[in-house]
Amino acid sequence: MPPSTPVITRFAPSPTGFLHIGGARTALFNWLYARAKGGKFLLRIEDTDRSRSSPEATDAIFEGLRWLGLDWDGEAVSQFSRADRHAEVANELLASGNAYRCYSTQEEIAAFREAEKAATRPPLFRSPWRDADPADAPDLPFVVRLRAPREGETTITDVVQGEVTWKNDTLDDLILLRSDGTPTYMLAVVVDDHDMGVTHVIRGDDHLTNSARQTLIYKAMGWPVPVFAHIPLIHGPDGAKLSKRHGALGVEAYREMGYMAEAMRNYLARLGWSHGDDEFFTTAQAVEWFDLDKVGKSPARFDFKKLENLSGQHIRMASNEQLLKEIEEYFAAHNKPPLDETRRELLLQAMDGMKERAKTLPQLIDMGRFILEERPFETDAPAQKVLRNVSQGMLKDLTTRLQHATWTPSDIEASVREFAEENQTGLGKIAQPLRVALTGRTVSPSVFDMMSILGREESLARINDCANSLGTEV
Ligand code: GLU
């Protein structure tokens, strides 16, 4: 291919369920490659199998890709809508002698295979109609088969797998059109990829043998064969094929769990592709670095821990404004009412402290509970435990002290320290009950930051609520 040919990749999912994690990774690699090379990334919905396709599944694919930020160029192509074009190509192949009508019945085919097996030969069907005189054609239903070469070899040069060769006598005369005139997957994919100008077919290595068979169709049509890159499938951490137990979920499940799309892109890119030792990178870096020569040959292993860690890093690296946007989108997706201006402001102020330890958006939101919830709020069980050794008197005295503190994090801290010293106790013995009083939890951003953000009045009201909930005696 001349170097000036613009790269065109495509993602071609069958809309039979949701966008699963393996499909998302395939889409990402195609998207990254197109964006890295200044090319185009196309989307084709392989909805030819009407009984297994549904509009809901197509929408789930659109939605999953949109959430992941994998924007495709132009309109998505429906494969089903191109059935006439597929038939036209089959007819061209008939006319050029590269295909023939086969009238063999299912029973004849089965009997042929049985006989081959009995003779310990591979059970490949060899149609008697391949060499029959067209004048002998009966008036019966037929399929259209490719007249595939029996001699020689077919080699594909795969960017990931290297050269892979099949002896042509191991490949059968594949069906192009079924007896009802509908195209097979094998024909539709080739015609569509050709017509869409696809230069690089990047897909799971379960399609490797299909590529050999599809190459025969390209050659029969005299069309250029695209570059193939078959990426190893994703396995679970134990090396077994990825299953639901391992995280083989739809991308919407990861969205639901609160992973940011940026973190998902980073994680999915690392499932099979590498750039030196880099684990954490931005999408812009991935676009800059991505190439197919660094896609590994062995299956990538899915590892939730790694995803979590990357996700935490992305949360820490994101700007506070971006995180606020993520929180708002997460709320909207969960039908929660939009945030008011005051809460948005307060969250922005608190974000530095909130993002320190959060690995997912729900964890981040949890750290912002002290802003999101209104008093009086519930105290969870671990927090109640903290309060067991806390006296009402101590909290009341502390409120009195804080009435006069200057209201900055460091001044509030200084006052609480002083108070602790006067009461001959450690800072932690005061700070932890304070945390519980302010949030109802044992984990939160810094107590002094929270108080400064909440303001004196609200902070003291919360401490008072808590004091009132305690008995006078410890
Ligand atoms: N529709 C096929 C699938 O979902 C992919 C076809 C291709 O990428 O060539 O497995």
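The residue count restarts for each chain, going from 1 along the sequence in the order it is written. Note on the predicted model: pLDDT of at least 70 is required for a residue's local features to be given, and 80 or more for side-chain atom pairs to be given and counted; whole-chain, interface and lining totals, by contrast, use all residues. Think of the side-chain values as coming from all heavy atoms in the structure, minus any hydrogens and water.

Draft legend 1. View of the pattern of salt bridges. In what follows, salt bridge is the name for a side-chain nitrogen of Lys or Arg lying within 4 Å of a carboxyl oxygen of Asp or Glu. As enumerated under the stated definition, the model contains 36 salt bridges in all. Linking Arg213 and Asp172 is a salt bridge whose minimum nitrogen-to-oxygen distance equals 2.4 Å. Of this pair, Arg213 sits in helix 6 (residues 208–221) while Asp172 sits in the loop between strand 7 (162–167) and strand 8 (175–177), and the two are 41 residues apart along the sequence. In this structure, Arg213 and Asp172 share a single accessibility class: buried. One salt bridge connects Glu328 with Arg344, and the closest N-O pair in it is separated by 3.0 Å. With Glu328 in helix 11 (residues 320–333) and Arg344 in helix 12 (residues 341–354), this pair connects stretches of sequence that are 16 residues apart. For the purposes of this entry, the term helix denotes a DSSP run of H or I that reaches at least four residues, the term strand denotes a run of E that reaches at least two, and both are numbered from the N terminus. For every residue, the accessible area (1.4 Å probe, protein chains only) is compared with the maximum for its type, and the residue is labelled buried under 20%, exposed over 50%, or partly exposed between those bounds.

Draft legend 2. Main features of the nonpolar core. As used here, the term nonpolar core means buried Ala, Val, Leu, Ile, Met, Phe, Trp, Tyr and Cys residues forming a set that is joined through side-chain atoms within 4.5 Å. Counting 50 residues, the largest nonpolar core has Leu364, Leu402 and Met451 as its most contacted members. Per-element accounting of this core gives the leading share, six residues, to helix 19 (residues 447–454). Setting aside residues up to four positions removed in sequence, Leu402 forms contacts with Trp407, Ile412, Ser415, Val416, Met451, Arg456, Leu460 and Ile463. The next biggest cluster of nonpolar side chains, apart from the first, holds 47 residues, and it includes Leu28, Phe41, Tyr267 and Leu310. Any pair of residues with heavy atoms lying within 4.5 Å of one another is described as a contacting pair.

Draft legend 3. Spatial organisation of the packing of helix 16 (residues 392–402) against helix 17 (residues 409–422). One can describe the packing of helix 16 onto helix 17 by two numbers: an axis separation of 10 Å at closest approach and a directional angle of 135 degrees. Judged by the inter-axis angle, helix 16 sits oblique to helix 17. The crossing of helix 16 and helix 17 is right-handed. Note on element contacts: helix 17 touches helix 16 through Ile412, Ser415, Val416, Glu418, Phe419 and Glu422, opposite Met394, Asp397, Leu398, Arg401 and Leu402. Just so you know the grouping, Ala, Val, Leu, Ile, Met, Phe, Trp, Tyr, Cys and Pro go in nonpolar, Asp, Glu, Lys and Arg go in charged, and all remaining residues, Gly too, go in polar. Grouping the amino acids of the contact of helix 16 with helix 17 by side-chain chemistry returns six nonpolar, one polar and four charged. Axis lines are fitted to C-alpha atoms, over the contacting stretch for helices. Their N-to-C directions set the angle, which ranges from 0 to 180 degrees. Convention used here: angles under 35 degrees read as roughly parallel, angles over 145 as roughly antiparallel, angles from 65 to 115 as roughly perpendicular, and any remaining angle as oblique. Handedness of a helix crossing follows the sense of rotation of the near helix relative to the far helix, less than a right angle counterclockwise being left-handed and clockwise being right-handed.

Draft legend 4. A look at the packing of aromatic side chains. Between 30 and 60 degrees the pair is tilted, below 30 it is stacked and above 60 it is edge-to-face, where a pair is any two Phe, Tyr or Trp rings, Trp via its six-membered ring, whose centres lie within 6.5 Å. Throughout the structure, instances matching the rule amount to 13 aromatic pairs. Ring plane angle 45 degrees and centroid distance 6.3 Å describe the contact between Tyr254 and Tyr259, whose orientation is recorded as tilted. Take Tyr254 and Tyr259: they sit in the same class, and that class is buried. A ring pair is formed by Phe302 and Phe304, whose centres lie 5.5 Å apart and whose planes are at 80 degrees; its orientation type is edge-to-face. An aromatic cluster is built from Phe29, Trp273, Phe281, Trp289 and Phe290, whose rings are joined through pairwise contacts.

Draft legend 5. Spotlight on the packing of helix 5 (residues 185–195) against helix 6. Interhelical geometry of helix 5 versus helix 6 gives an angle of 65 degrees and a closest axis separation of 10 Å. Note on packing geometry: the crossing formed by helix 5 with helix 6 is right-handed. Contacts between helix 5 and helix 6 involve Tyr185, Met186, Leu187, Val189, Val190, Asp193 and His194 from the former and Asn210, Arg213, Gln214, Ile217 and Tyr218 from the latter. Each residue belonging to the contact of helix 5 with helix 6 can be placed in one class, and the counts come to seven nonpolar, three polar and two charged.

Draft legend 6. How the structure looks around the sheet that holds strand 8. Note: two strands are recorded as paired if DSSP finds a minimum of 2 bridges between them. Taken in spatial order, the three strands make up an open sheet running 4-5-8, and their pairing is antiparallel. Pairing within the sheet leaves two strands with one partner each, and these edge strands are strand 4 (99–102) and strand 8. Recorded for the sheet is a direction-independent mean angle of 40 degrees between the axes of neighbouring strands. In the sheet, strand 5 (residues 143–146) pairs with strand 8 via two bridges, with the strands oriented antiparallel. Pairing of Arg145 across the sheet is with Ile175, part of strand 8.

Draft legend 7. Inspection of the site of the ligand at higher detail. Residues are classed as near a molecule or strand on a simple rule: at least one heavy atom within 4 Å of it. Taken together, Arg10, Ala12, Pro13, Ser14, Glu46, Tyr185, Val189, Arg203 and His207 make up the full set of residues adjacent to the ligand. One of the side-chain N or O atoms of Arg203 is found 2.6 Å from an oxygen atom in the ligand. Within the contact set of the ligand, an oxygen atom lies 3.1 Å away from a side-chain nitrogen or oxygen of His207. Accessibility throughout is a Shrake-Rupley quantity obtained with a 1.4 Å probe, and a residue counts as covered only by protein chains that appear here. A total of 300 Å² of accessible area belongs to the ligand in isolation, and the protein chains cover 79% of it. Here the residues of the shell around the ligand sort into four nonpolar, two polar and three charged. Any pair of nitrogen or oxygen atoms within 3.5 Å is treated as a polar contact; in protein, a donor-acceptor pairing is required on top of that, and neighbouring residues in sequence qualify only through side-chain atoms on both sides.

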